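Each chain, letter by letter, is given below.
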Amino acid sequence: MESTGTVLRELRGAQKSAKGVSLYSRYVNRPAGRIFAAGAFRLGMTPNQVTSVSALFTFAAVASVALARPTWALAVLVYLGLAVGFALDSADGQLARLTGRGGPDGEWLDHVVDCAKMILVHTAVLISFHRFFALPADGWLLLPLGFLFVAVLTFCAGLLREQLGKAAAAGRPAPDGGAGPPRAVSRLRAAALLPADYGVFCLVFLLLGDETVFRIGYAVLAAVHALFLVAFLVKWFRELKALRAG
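Calculation notes
- Residues numbered from 1 in each chain as written.
- Predicted model: local features only at pLDDT ≥ 70, side-chain atom pairs only at ≥ 80, totals over all residues.
- Heavy atoms only, no water.
- pLDDT = per-residue confidence, 0-100.
- Helix = DSSP H or I, 4+ residues; strand = E, 2+ residues; numbered from the N terminus.
- Salt bridge = Lys/Arg side-chain N within 4 Å of Asp/Glu carboxyl O.
- Buried < 20%, exposed > 50% of the residue type's maximum accessible area, 1.4 Å probe, protein only.
- Expected span 1.5 Å × (residues − 1).
- Contact = heavy atoms within 4.5 Å.

Trainee: A description of the confidence of the model for the protein chain should follow, citing residues and the corresponding values.
Mentor: Looking at the protein chain, the pLDDT average stands at 88 and 85% of residues meet or exceed 70. At the low end of the mean pLDDT range in the protein chain sits helix α1 (residues 4–13), at 64; at the high end sits helix α3 (residues 47–67), at 97.

Trainee: Lay out the pattern of salt bridges with the relevant residues and their values.
Mentor: Enumeration according to the criterion identifies five salt bridges in this entry. In this structure, lysine 117 and aspartate 89 form a salt bridge, with 3.8 Å as the shortest nitrogen-oxygen distance. With lysine 117 in helix α5 (residues 104–132) and aspartate 89 in helix α4 (residues 72–99), this pair connects stretches of sequence that are 28 residues apart. Given the relative accessible area of 5%, lysine 117 is considered buried. Under the relative-accessibility criterion, aspartate 89 is labelled buried at 14%. Measuring nitrogen to oxygen at the nearest pair gives 2.6 Å for the salt bridge that ties glutamate 239 to lysine 235. A residue pair is termed a helical-turn pair when its members lie 3 or 4 positions apart in one helix, as glutamate 239 and lysine 235 do in helix α9 (residues 211–245) at four residues. We classify glutamate 239 as partly exposed; its relative accessible area is 25%. For lysine 235, a relative accessible area of 32% gives the class partly exposed. Several salt bridges share partner residues, and in doing so they unite Asp89, Asp114 and Lys117 into one network.

Trainee: Which residues make up helix α6 (residues 142–169), and what are the values?
Mentor: Its 28 residues place the ends of α6 40 Å apart at the C-alpha level, agreeing with the 40 Å of an ideal helix rising 1.5 Å per residue. Of the residues making up α6, those classed as buried are Leu143, Pro144, Phe147, Leu148, Val150, Ala151, Phe155, Ala157, Gly158, Arg161 and Gly165. On the buried face of α6, the contacting elements are α5, α8 (198–203) and α9.

This is how it looks when you write it as structure tokens:
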């Protein structure tokens, strides 16, 4: 069997493009995912099994938010569960590319888990607000619902943009001169995408030990994600319109 170092080098060579990826995903989540993918490879796990383990970590953390009274200890455990689940979410795709065992079933399962994660994490915050928080007004209960709407709409619109873009580009001749050399990925853009990264969102749960600080941090992230949603919708609409015109 190949050594772990060899597997890690092969995984690094099979890495997806960094285009549209934030600094967190590029320098934290993907490298952590490579380590998990190498371990899963040596254990003989399939990509779908890694996806299932990712779901276990994520959903256990989410259930803890809904069922347990917030404390600083809980905050750390929830963050670790979400962060490990996110890294494993990267590992399944890396393992699939390494072994060639990916397929539509794995991609479907990955998207189902991602969608469930987005729905449940904000639902858990809503339940925690209702059960454990001394909210200054009942209107705060609308915040997780609003964040949930923004997260799901961003996910669905982005997925549709990807699939419709692929469908529109299928069968089209390549531009004159071929694809050309790959374009450099902007670090400034990668930094600007940090607030919209799920890994950065997970960090807010480290504030769960202080309900006021958590509420404020969660509200700030909700507002930022709403602004990103508007920007993404405009961008994706223009890109799809340009594909039709082309």
